[in-house]
Amino acid sequence: MYKIGLMGGADEIGRSMIYIEYNKKAIVVDCGMEFPDDLSSFGVNKIVSYGSYMKNKLKKVSGLFITHLHEDHIGGVRRFLEKFNVPIYAEPLTCEFLKMKHSFKNSVRLIPIQNNEKISIGGMTIRPFEVEHSTIKAFGYEIFSKFGNIVLTGDFKLGNSKADAIQNLEKWGLTKKPLALIMESTNSNSEGFSTHESDILPNIERVIKEHSDEVFIISTFASSMQRLKNIIEIAQRNQRNIFLMGRNMEVAAKFLIKNGIITKSYLNFINEDKCNVPDNALILSTGCQGEPQGGLYKLIKKLKHKDNKTVLFSSSVIPGNELSINSLKIALLKAGFKYIESDKIYHTSGHARKEEHICLIDYLEPKFVIPVHGDYIKQLANKANAISCGVLEENIILAENNSIIRLKSDSYDISEIHDSLEYITTNGLVKPSVIEAKKSIAKNGIFIYSISGRYIKFSSVGIPDNCKLNRLGRTFVQTFLQAFEGGFIDKLTFKEACREYLSKELKNESNIPFIEVVLLDNKFKTPKRIFVKKDL
C-alpha cells in the first residue's frame, strides 16, 4: 500500500508538497510556497506548510525531490531543511539555483540527478524524466515498487498538436498502465493544445523594434528563465542595452550568466537608489502581478521624469491577482505610462491544456488518476478528461490539501489531517495566531485594557469614539469589578469575561473587537474595589 499525503498544492496553485510513503520509507516531492492574496497588508510575504504530519514520521522521510525551480515548488525548502535533515535530489541546474538563492552551506546535501537516473530509497526506485515547462529544466518522477508504479508529472506541457504530444510522451519513457497518475491541472479546462515558447518570440522582437526610441519595459515572471534568456538574446541581437529591475530578476540573470546560458554583454543591473537609464532603455522588470514591492511599482516612482515609456506584460494573470493587476495598470496610466498586453501574443503558458491532458491519460492508461495543482474547477475538468479516456469514475481521486490517500491495488480511502500554515514576513516567522489577531483588529478594531496598581485604563483603536462599542467597553469595566472577588486579575479570565459580556450585549460575535489586556504589575494583588480611570 502507498500512503500519499497532499500537504499543499492539491486544490490550489501554490505551496506544492506531496508525501509518498511505501514500506516504512517516504519521500517528499517539492516544497513550495504561496504568495498571500489578502495578507500582504499584514506584512506576510509568503506562506508555507508546517508539515506536522511528516514531523511525526521523521524517521521515515528519506529525501526531498524537486521538480523545478519555480517558487510554488521550492519556496519552502529552507524552512523544510530546518526540520528535516535529508538530502535534496534535483536536476543539476535546479541544485545550482537553490545553492545560489539560499547560500546553502556544504552541510546541506544537494544531490544533482540526471534524466532517467534511478535512485533507490527503501523499497522504492525513483526515476526522473525531463518535461517541458516555462523554465530551463524541469522533471517529473516515476516511482516504482513491488506494489506498482506511480507517475507524478510535475508542471508540464506536451506540444501544440497530438503528434507533438505523443512524440514527447515517448521521450518520457514511462511504463504504461501505472497504478496511479498524479497530474497537474492548471490548464485542464482550457481547450486545445499549448503553444511553444518559440511561437511568441517574433511578436516580442517586433514590438521591441517598434519601441526603439523610448523606455520600453517588459514585465514577466523572473522564474520563467527560458523567457528571460530569449528576451535577452533578442535585445542583444538588436544591440539594445538591457536593464534589470527587481531582486528576483537580478538573481535569475546572475544564475543564467553563472551557468553560461547567457552572456553579460548589454546587461545592466539597476541600482534601486538611482535609476539613471537612457531614454531608449529596455528594462526587464518583476511585478507583473501587481505586487506592491515589485519592480513595476518602483519604476513608476523612478521614471516620472521620462516622457515616453511603455510596459509590455509578457505574462498571464494568476487567478486571485485580478484586482492587484488592475490597480497597477491604473497607477501606470496615472504616471504617464502606456501598456501593452495580450497573453496569447506575448505570453505562452508552461502548462498543458485540455487535449494534452487527454493525450497523456489515453497514452498511459492509469488505473487511478489524482488531479492536483488546481482549484476544484480545474480538478473537475481533469476528472472529465480522465473519464473521456475510459478511466472509471470511482478511480478518480479528488482530494483537498491535508488529505492522506491510502492507495491499494483495487481501492483507496482518504482521511484528513490537521496541518497548520506558517506565515513568513521580512522579519521572519510569525505565528498563525498573530495573523488572526491582525485580521480581527483590521476588521473590528481593538479594545485595550491596561491594569496597573489601583487602575484599569480602557482605550480603543479603530472604533469611533461615541459609538455603542466604546460605551460597552467602558461599561464592562464597572460590570467586571462588581462581580470581582479580589485577588490576582488573570488576563485570560478578563478577556473571556469581556468577550462574553460583549457577545451578550451585541448578539453578534462577529462584531466583537480584538481584546488585549496589558498587566503592568503582575505582582499586585487587586483589592475588592478598584478605581476606574477614564479612557485616554
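Summary of the structure given here.

### What to know about the packing of aromatic side chains
A complete count under the given rule lists 17 aromatic pairs for this structure. Between Y2 and F147, the ring centres sit 5.8 Å apart and the planes meet at 75 degrees, which makes this aromatic pair edge-to-face. Of this pair, Y2 sits in strand 1 (residues 2–8) while F147 sits in the loop between strand 10 (139–144) and strand 11 (150–152); the two residues are 145 residues apart in sequence, bridging distant segments of the chain. On the accessibility criterion, F147 (25% relative accessible area) is partly exposed. When the ring centre of F269 is taken as origin, the NZ or CZ atom of K254, which lies over that ring, is 5.4 Å away.

### Quick look at the sheet that holds strand 6 (residues 88–90)
With mixed pairing, eight strands are arranged side by side in an open sheet as 7-6-5-3-2-1-20-21. Edge positions in the sheet fall to strand 7 (110–112) and strand 21 (412–416), since each of these pairs with one other strand and no more. Strand-to-strand, the axes of this sheet are offset by a mean angle of 20 degrees, without reference to chain direction. Direction of pairing for strand 20 (residues 403–407) relative to strand 21: antiparallel, over a ladder of five bridges. Opposite L407, over in strand 21, you have Y412 as the bridge partner. Against the sheet, helix 4 (residues 92–102) engages strand 6 and strand 7, with an angle of about 155 degrees to strand 7.

### A short note on unusual backbone geometry
One non-glycine residue, H373, lies in positive phi territory at about 55 degrees. Positionally, H373 belongs in the loop between strand 19 (368–372) and helix 12 (376–388). Located in the positive-phi region is N402, a residue other than glycine, with phi close to 65 degrees. Residue placement: N402 occurs in the loop between helix 12 and strand 20. For N402, a relative accessible area of 18% translates into the label buried.

### What to know about the layout of surface pockets
Empty space within the second largest pocket amounts to approximately 230 Å³. Contributing to the lining of the second largest pocket are 17 residues, with E132, H133, T135, E197 and Q226 lying nearest its centre. Where the lining of the second largest pocket is concerned, the elements lending two or more residues are helix 6 (197–210) and helix 7 (225–237). Per-element tally for the lining of the second largest pocket: the top contributor is helix 6, with three residues. Here the residues of the lining of the second largest pocket sort into three nonpolar, 10 polar and four charged.

### Here's the deal with the environment of V44
Tracing the sequence through the fold places V44 in strand 4 (residues 44–49). Separated by 364 residues in sequence, V44 and K408 have C-alpha atoms that sit 40 Å apart.

### Here we look at the nonpolar core
Of all hydrophobic cores here, the largest spans 57 residues; its most connected members are M54, L64, V77, F80, I218 and L284. Aside from chain neighbours lying at most four places away, what touches I218 is I204, I208, I231, L282, I283, L284, S285, L312 and S314. Counting 31 residues, the second largest nonpolar core, distinct from the first, contains I121, I126, I397 and I405.

Analysis parameters
- For every chain, the first residue of its written sequence is number 1, and the numbers climb from 1 along that sequence.
- It should be noted that, the model being predicted, local features are given only for residues of pLDDT at least 70 and side-chain atom pairs only at 80 or more, the latter also being counted only at that level, while totals for whole chains, interfaces and linings use all residues.
- Side-chain numbers here rest on the full set of heavy atoms in the structure, without hydrogens or water.
- Here a pair means two rings of Phe, Tyr or Trp (six-membered ring of Trp) with centres within 6.5 Å. Their orientation is stacked below 30 degrees between planes, edge-to-face above 60, and tilted elsewhere.
- Secondary structure counts use DSSP, requiring at least four H or I residues in a row for a helix and at least two E residues in a row for a strand, with both numbered from the N terminus.
- Throughout this description, buried means an accessible area under 20% of the type-specific maximum (1.4 Å probe, protein chains only), exposed means over 50%, and partly exposed covers the range between.
- Working rule: Lys NZ or Arg CZ, within 6 Å of ring centre, within 35 degrees of ring normal, means a charge sits over the ring.
- The rule for pairing is simple: two strands pair if DSSP sees at least two bridges between them.
- The angle between two axes is taken between their N-to-C directions and runs from 0 to 180 degrees, where each axis is a line fitted to C-alpha atoms and a helix contributes only its stretch in contact.
- Whether two residues touch is decided by their heavy atoms; if any such pair falls within 4.5 Å, the residues are in contact.
- Two kinds of site are reported from a 1 Å grid over the protein atoms alone, namely cavities, where a 1.4 Å probe fits but cannot get out, and pockets, open sets with protein on both sides within 12 Å along at least five of seven lines, and residues are called lining when an atom falls within 4 Å of a point.
- Grid points are joined across faces, edges and corners, and a volume is the space filled by probe spheres set on the points.
- Residue classes follow a fixed rule: Ala, Val, Leu, Ile, Met, Phe, Trp, Tyr, Cys and Pro count as nonpolar, while Asp, Glu, Lys and Arg count as charged, and any other residue, Gly among them, counts as polar.
- Nine residue types can take part in a nonpolar core, namely buried Ala, Val, Leu, Ile, Met, Phe, Trp, Tyr and Cys, and a core is a set of them joined through side-chain atoms within 4.5 Å.

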